[in-house]
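Close look at the chain arrangement
The residues making up each chain are set out below.
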Amino acid sequence: MLVMSVWELIQGSSSDARTFLLNGLIIMFLGIASVIYEINRWNFSKQIIVHYITMLLTVYPILLLSGYYPVSSFGDVLNVFLLFNKVGIMLFVATFIIAKVCREFSKRN
């Protein structure tokens, strides 16, 4: 994403470059935070809480500063926070179901 951002900047499209850079940052933080689930000595609840706090401190501010959403009032910031949490819950449930299906499939084979 960084390379695409630089390429767009060179081509003169600063708005596309910014979009690629911000999306790249979000993807990077998601990838880095995924190692939290590899810490076997932590229980699942602790992993979820640490991951949520990590996303809240990294991805949420990027969303606020990105310009993707209006943030001219406290209500706007709250709406972005609620959307952040809705999407997080949907992704968590989907990932949990997929992981459970994969574990069941692995047990059968």
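For the structure itself, look to the data block above.
Residues numbered from 1 in each chain as written. Predicted model: local features only at pLDDT ≥ 70, side-chain atom pairs only at ≥ 80, totals over all residues. Heavy atoms only, no water.

Topic: the pattern of salt bridges
A full pass over the atoms with the stated rule returns one salt bridge. One salt bridge connects lysine 107 with glutamate 104, and the closest N-O pair in it is separated by 3.8 Å. In this pair, lysine 107 and glutamate 104 both sit in helix H4 (residues 74-108), three residues apart, roughly one turn of the helix. With relative accessibility at 36%, the residue glutamate 104 sits in the partly exposed group. (Salt bridge = Lys/Arg side-chain N within 4 Å of Asp/Glu carboxyl O. Helix = DSSP H or I, 4+ residues; strand = E, 2+ residues; numbered from the N terminus. Buried < 20%, exposed > 50% of the residue type's maximum accessible area, 1.4 Å probe, protein only.)

Regarding helix H3 (residues 44-66)
Across its 23 residues, H3 extends 31 Å between first and last C-alpha, which sits within 8% of the 33 Å expected from 1.5 Å per residue. Leucine 56 marks where H3 bends most, by close to 35°. Backbone nitrogen of serine 45 and a side-chain oxygen of the N-cap are separated by 3.2 Å at the start of H3; the cap is asparagine 43. Backbone geometry just after H3 places glycine 67 at a positive phi near 90°. (Expected span 1.5 Å × (residues − 1). Bend = angle between axes of the 7 residues up to and from the residue. Polar contact = N/O pair within 3.5 Å; in protein donor to acceptor, adjacent residues only side chain to side chain.)

Here we look at the packing of H3 against H4
Contact pair H3 / H4: the axes reach a minimum separation of 11 Å and the direction vectors enclose 140°. With respect to their mutual orientation, H3 and H4 come out oblique. Every pair of crossing elements has a handedness; the one defined by H3 and H4 is right-handed. Of the residues in H4, those touching H3 at Phe44, Ile48, Tyr52, Met55, Leu56, Val59, Tyr60, Leu63 and Leu64 are Val77, Val80, Phe81, Phe84, Asn85, Phe92 and Phe96. Residue classes in the contact of H3 with H4 are distributed as 15 nonpolar, one polar and no charged. (Axes fitted to C-alpha atoms, helices over the stretch in contact; angles between N-to-C directions. Parallel < 35°, antiparallel > 145°, perpendicular 65-115°, else oblique. Left-handed = near helix turned anticlockwise from the far one by under 90°. Contact = heavy atoms within 4.5 Å. Nonpolar A, V, L, I, M, F, W, Y, C, P; charged D, E, K, R; others polar.)

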